[in-house]
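If you want the building blocks of each chain, they are given just below.
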Amino acid sequence: MKNSKAFSKFTEPFQALRNKLFTKLYLAQTISLLGDAITWVGLALLAYQLGEGRAAVILATALTLRVTAFIIFSPFAGVLADRIDRKKILYVTHFIRMGLVALLPFVTAEWQIYTLVFLMNVFNAFFSPTYRSVIPQVVDKKLYRKAIGLSAATYQILGILGPGLAGILAIWLGAREIFLVDAATFIIAGILLLTLPKKFLNAPEEDISKKHPTTWQEVTKGIKLLFGNRYIRFALFIELVSAMAGAFILVNTIVLVKGELNLTDKEYGWTMAAFGIGAAVAAFVSGVVDKTKSRQVSLIIGALVLGLSISAANYLNFSLLLVFWVLAGLGQSLAEIPSETLIGENISGEEQGKVYGSHFAFSHLWWAISYPIAGFLGTNVPEKDFLYGGMLTLLLLLIVFLFLRPRKKPKISNQYKFKA
C-alpha cells in the first residue's frame, strides 16, 4: 500500500501529460533544453580551441553574457506575451535561435562567440516566459499546478543533467559538429511548436481589456513574495552557493582536463558525463532524502558535498576526478531542485507565475556573479582555481547557514491562540 502511494506521488506531476497540447509544449521545451546543454559543452571545447590558456575567460564571458540577456529581457517578455500572438513569439524566437546555433561551427574569433551567445539568449529570454504564460491556456485549472511543476522540474533537472548528456555526445563527435546536433533538436522542437493551434495560446480577450497592475508593480510583488518566505529565501541563497561551485565546474573543467591533465576532448566528455550521472541519481532520490517542510537537510548536504568535491579537483588524477564529479553532480541536484518545489508548496497558485519569474531572474543573477569569479581564478591561478573556488563555496555556505537558516518560530501562547 505504501509503495503504491509513493509511486502515485512520484507520477502525479506527469498527469498533466494527458493533455495533448501541453504534451507538445512540454516535449518542445525538453528538446530545446537538451539542445542548449549541447551548445554549452560545445562552447567549452570551442573556447579551448580558440584560446587554450584563455579558455576560462572566454567561457566565463560567454556564460555571463547569457545570464545578462536573461536578467535584462525576461521581465519584459511576459508583458509582450499578453499583447501579441504568443504562438508567433514561440516559433519566431525559436527558429532565430536555431539559425544562430547553426553559425557556431564556423566561428573563428572570440568576438563572434560573444555576439552569437548574447543574441541567442536575447531570443531565449522571450521564448521561456512566453512558454510559461501559454501553459494556463492549454491545461485545465486542476492540472495547472502539476503542469507548472513538471515544466519547472524539467528545466531544473536538465540544467544539471544536460552537460553530462552533452558530454557523452562530445565523446563521439567533434567540438564543432555537436552544434549541428543542437540545430537538429531545434528543428524537431520547432515542428512541435508549429502544430500548436493558435486559438488556444493567446490570453483571453477579457484579460487583455482588463486593467492590470504595471509591469514594475508585478515584478516588485514577485520579488517581495520570493524573499518574504523564509524557506524559499534560504533555498534561493543556497542556489548562490551552488552557482559559485557550478560556475567553476562549467568554466574551468575544460582547462583542468585538457590543460593540467593533458587529456583529450573524449576525456572531457566523460568528465561532464560523470557530473550528469551524479545529478541524475540525486534528482530521483531528492524527494526521498528530505521530506521536511524547509528541505534544509537536502539543501545543506548538497551544498556541502558540492563545495568539498570541487576543492580537491586540482590534486586528482583522471579516475578520481570522475568520482568527485559524480559527487559534485549529486550535490548540485540536492542543493538546487528543492527551490522550485518550495515555491509550489508555499505560494498560492495565482501568485506563482510572478514568483517563478523573480526566481528565474535571481537564480541567473547568481550565475552572472559567479562566472567572472571562476574565469578570473581559472586564468590567474589555474593550478589552484578549484581549491579557491571550493573554499569560497564553503565560506558562502557558512554565511548563509548562520544568517539565513529558517528557525522554528516561538510557540504562540494560549491567550493569543484561542482569540477570535
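Residues numbered from 1 in each chain as written. Predicted model: local features only at pLDDT ≥ 70, side-chain atom pairs only at ≥ 80, totals over all residues. Heavy atoms only, no water.

Along its length, the chain carries 16 helices and zero strands. Across the 420 residues that make up the chain, the buried fraction comes to 51%. Of the contacts formed within the chain by residues at least 6 apart in sequence, a portion of 86% connects residues at least 24 apart. Surface summary for the chain: the accessible area is close to 19,300 Å², and the carbon and sulfur share equals 67%. (Helix = DSSP H or I, 4+ residues; strand = E, 2+ residues; numbered from the N terminus. Buried < 20%, exposed > 50% of the residue type's maximum accessible area, 1.4 Å probe, protein only. Contact = heavy atoms within 4.5 Å. Areas by Shrake-Rupley, 256 points an atom, 1.4 Å probe, with all protein chains shown as cover.)

Taking 1.5 Å of rise per residue, 18 residues should cover 26 Å, and helix α7 (residues 177-194) covers 27 Å from first to last C-alpha, within 8% of that figure. Among the residues of α7, I178, F179, D182, A183, T185, F186, A189, G190, L192 and L193 are the ones counted as buried. (Expected span 1.5 Å × (residues − 1).)

This part covers the packing of helix α10 (residues 230-260) against helix α15 (residues 385-404). Where α10 contacts α15, the axes come no closer than 10 Å and their chain directions differ by 175 degrees. When the interaxial angle is binned, α10 and α15 end up roughly antiparallel. Looking at the contact of α10 with α15, its residues break down into 17 nonpolar, four polar and three charged. (Axes fitted to C-alpha atoms, helices over the stretch in contact; angles between N-to-C directions. Parallel < 35°, antiparallel > 145°, perpendicular 65-115°, else oblique. Nonpolar A, V, L, I, M, F, W, Y, C, P; charged D, E, K, R; others polar.)

As a further point, take unusual backbone geometry. At N262, a residue that is not glycine, the phi angle is positive and equals roughly 55 degrees. Looking at the secondary structure, you find N262 in the loop between α10 and α11 (265-289). For N262, a relative accessible area of 62% corresponds to the exposed category. A positive phi angle, close to 60 degrees, is found at R295, a residue other than glycine. Positionally, R295 belongs in the loop between α11 and α12 (296-311).

Take the side chain of S309 next. Mapped onto the secondary structure, S309 falls in helix α12. Separated by 2.7 Å, the side chain of S309 and the backbone oxygen of V305 make a polar contact. Discounting chain neighbours no more than four positions away, the residues touching S309 are F324, W325, L327 and A328. (Polar contact = N/O pair within 3.5 Å; in protein donor to acceptor, adjacent residues only side chain to side chain.)

Confidence in the prediction for the chain averages 80 pLDDT; 79% of positions are at 70 or higher. By mean pLDDT, helix α16 (residues 414-417) is the weakest element of the chain at 46, and α15 is the strongest at 97. (pLDDT = per-residue confidence, 0-100.)

Here the focus is the nonpolar core. Counting residues in hydrophobic clusters, the biggest one holds 84 residues, and the most contacted among them are L43, I113, I238, I249, Y268 and W325. The element contributing the most residues to this core is α10, with 20 residues. Setting aside residues up to four positions removed in sequence, L43 forms contacts with L59, L104, I113, V117 and F179. Membership of the second largest hydrophobic core comes to 20 residues, among which are A16, L21, L150 and L192. (Core = buried A, V, L, I, M, F, W, Y, C linked by side-chain atoms within 4.5 Å.)

A word on the packing of aromatic side chains. Scanning the entire structure with this criterion turns up nine aromatic pairs. Aromatic pair F237 and W366: ring centres 5.5 Å apart, planes at 35 degrees, arrangement tilted. One end of the pair, F237, is in helix α10; the other, W366, is in helix α14 (residues 352-380), and 129 residues separate them in sequence. A connected cluster of aromatic rings, assembled from ring pairs, spans F227, F237, F362 and W366. The ring of F401 has R405 lying over it, and the distance from NZ or CZ to the ring centre is 4.3 Å. (Phe/Tyr/Trp six-rings, centres within 6.5 Å; stacked < 30°, edge-to-face > 60°. Lys NZ or Arg CZ within 6 Å of the ring centre and 35° of its normal.)

Moving on, we get to the packing of helix α4 (residues 86-103) against α7. Relative placement of two packed helices is described by the angle separating their axes and the distance separating the axes. Here α4 crosses α7 at 165 degrees, and the two axes come no closer than 9 Å. Taken together, the axes of α4 and α7 lie roughly antiparallel to each other. For the pair α4 and α7, the crossing hand works out as left-handed. Between α4, through K87, L90, Y91, H94, F95, R97, M98, V101 and A102, and α7, the contact on the second element is made entirely by F179, D182, A183, F186, I187, A189, G190, L193 and L194. Taken together, the residues of the contact of α4 with α7 sort by class into 13 nonpolar, two polar and three charged. (Left-handed = near helix turned anticlockwise from the far one by under 90°.)

Next up on the list: the pattern of salt bridges. On inspection of all chains with the given rule, the structure shows two salt bridges. Between D265 and K258 there is a salt bridge, with the nearest N and O atoms lying 2.5 Å from each other. (Salt bridge = Lys/Arg side-chain N within 4 Å of Asp/Glu carboxyl O.)

The next thing to look at is the environment of A28. Checked against the element boundaries, A28 lands in helix α2 (residues 20-51). C-alpha of A28 to C-alpha of I191: the two residues are 163 residues apart in sequence and 8.6 Å apart in space.

With that out of the way, let us pick up α10. The end-to-end C-alpha separation of α10 is 42 Å, in line with the 45 Å expected for 31 residues at 1.5 Å each. A bend of about 50 degrees at N252 is the largest found in α10. Most of α10 sits inside the fold, with 26 of its 31 residues counted as buried. Looking one or two residues past α10, N262 carries a phi angle of roughly 55 degrees, positive in sign. (Bend = angle between axes of the 7 residues up to and from the residue.)

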